[in-house]
Amino acid sequence: GQAIKRDGSGTLKEFGAMPEDIALIEAVRAAGGRSTDGMYDPDVCAVTRPYANQMAARGGQDGHAGFNDVRFPLLSSIPGTHRASEITAESAEVFNTLTAPSLADHAKQCVSKWLGSPEHRDDLMRPHTRYCYVMMKNSHITEARGTGHEYICVANFTDGTSGTRSIAKRSPPTSVSN
């Protein structure tokens, strides 16, 4: 994995987070989510991002398909991991606004869906040792599904010790505007 300073200096962007990911992390924090109290981890993101990309390429609707067989073993192999989990959501296809929805609008909608599910809410609201949030534009929008403003949101978490790797402590995200 990518080496990151333990003192948490720098920004999430320097740690590999995309603007969409930062918008999602900000929405989680604004909703009182404590899942980002741990460390943003590029090794966790190396598992999360490919799955988000796969979901986006297929047009979403995958949910947690393959978590137990594929992503759980990968996350569990990260040193110090005792527990691994995942949450997924999609932003709505259509917003009742006169202007195009912002990244923040899509991120807030994913967080709202997670808060509406007891299992997802638990993962969102409690601290984890390591985390990665990914928000990715759905690349498979059809006329029947909406306007092309849909995003896929995926997060993976691991709990345990931080191991011996260098990973980023919680750092304030840089503001993202769309």
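Attention in this report is confined to the structure presented alongside it.

Scoring rules and cut-offs
Residues numbered from 1 in each chain as written. Predicted model: local features only at pLDDT ≥ 70, side-chain atom pairs only at ≥ 80, totals over all residues. Heavy atoms only, no water. Helix = DSSP H or I, 4+ residues; strand = E, 2+ residues; numbered from the N terminus. Buried < 20%, exposed > 50% of the residue type's maximum accessible area, 1.4 Å probe, protein only. Contact = heavy atoms within 4.5 Å. Areas by Shrake-Rupley, 256 points an atom, 1.4 Å probe, with all protein chains shown as cover. Phe/Tyr/Trp six-rings, centres within 6.5 Å; stacked < 30°, edge-to-face > 60°. Lys NZ or Arg CZ within 6 Å of the ring centre and 35° of its normal. Arc of directions from axis to C-beta. Pairing = 2+ DSSP bridges. Core = buried A, V, L, I, M, F, W, Y, C linked by side-chain atoms within 4.5 Å.

### Side note on the overall build of the protein
When its secondary structure is counted, the protein shows five helices and five strands. Start at the N end of the protein and walk to the C end: the helices and strands fall as α-β-α-α-β-α-α-β-β-β. By residue count, 48% of the 178 residues in the protein fall in the buried class. In the protein, the share of contacts with a sequence separation of at least 24, taken over all contacts with a separation of at least 6, comes to 77%. If you sum the accessible surface of the protein, you get close to 8,300 Å²; carbon and sulfur atoms cover 53% of it.

### What to know about the packing of aromatic side chains
What the rule picks out here adds up to five aromatic pairs. Arranged with centres 5.9 Å apart and planes meeting at 50°, the rings of Trp-114 and Tyr-133 form a pair that is tilted. Here the residue Trp-114 occupies a position in helix H4 (residues 103-115), and Tyr-133 occupies one in strand E3 (residues 130-137), the gap between them amounting to 19 residues. Judged by its relative accessible area of 0%, Tyr-133 is buried. By way of ring pairs, the aromatic residues Tyr-40, Trp-114, Tyr-131, Tyr-133 and Phe-157 are connected into one cluster. The ring of Tyr-51 carries the charged tip of Arg-71 above its face, separated from the ring centre by 3.5 Å.

### Some remarks on helix H5 (residues 118-125)
Think of an α-helix as 3.6 residues a turn; residues three or four steps apart then line up on the same face. Turning to H5, its buried residues number three or more, namely His-120, Asp-123 and Leu-124. What you see down the axis of H5 is that its buried residues fit within an arc of 100°, all on one side. Taken together, the buried residues of H5 touch helix H1 (19-30), strand E2 (81-90), H4, E3 and strand E4 (151-160).

### Observations regarding the pairing of E3
Counting buried residues along E3, seven of its eight residues qualify, which places the element largely inside the surrounding structure. Across two bridges, the pairing between strand E1 (residues 39-40) and E3 is parallel. Counterpart to Met-39 in the pairing with E3 is Arg-130. As paired elements, E3 and E4 share eight bridges and run antiparallel to each other. Bridge pairing links Arg-130 to Thr-158 in E4.

### Topic: the nonpolar core
Looking at soluble globular proteins, one finds that nonpolar side chains tend to be buried together. Counting 41 residues, the largest nonpolar core has Leu-12, Leu-24, Tyr-40, Trp-114 and Tyr-133 as the members making the most contacts within it. For this core, the secondary-structure elements that each account for two or more residues are H1, helix H2 (42-58), helix H3 (67-76), E2, H4, E3 and E4. Per-element tally for this core: the top contributor is H2, with seven residues.

### Remarks on the environment of Glu-119
Structurally, Glu-119 can be placed in helix H5. Note on Glu-119: relative accessible area 59%, which makes it exposed. Each C-alpha atom, one on Glu-119 and one on Glu-86, is 10.0 Å from the other, the two residues being 33 residues apart in sequence.

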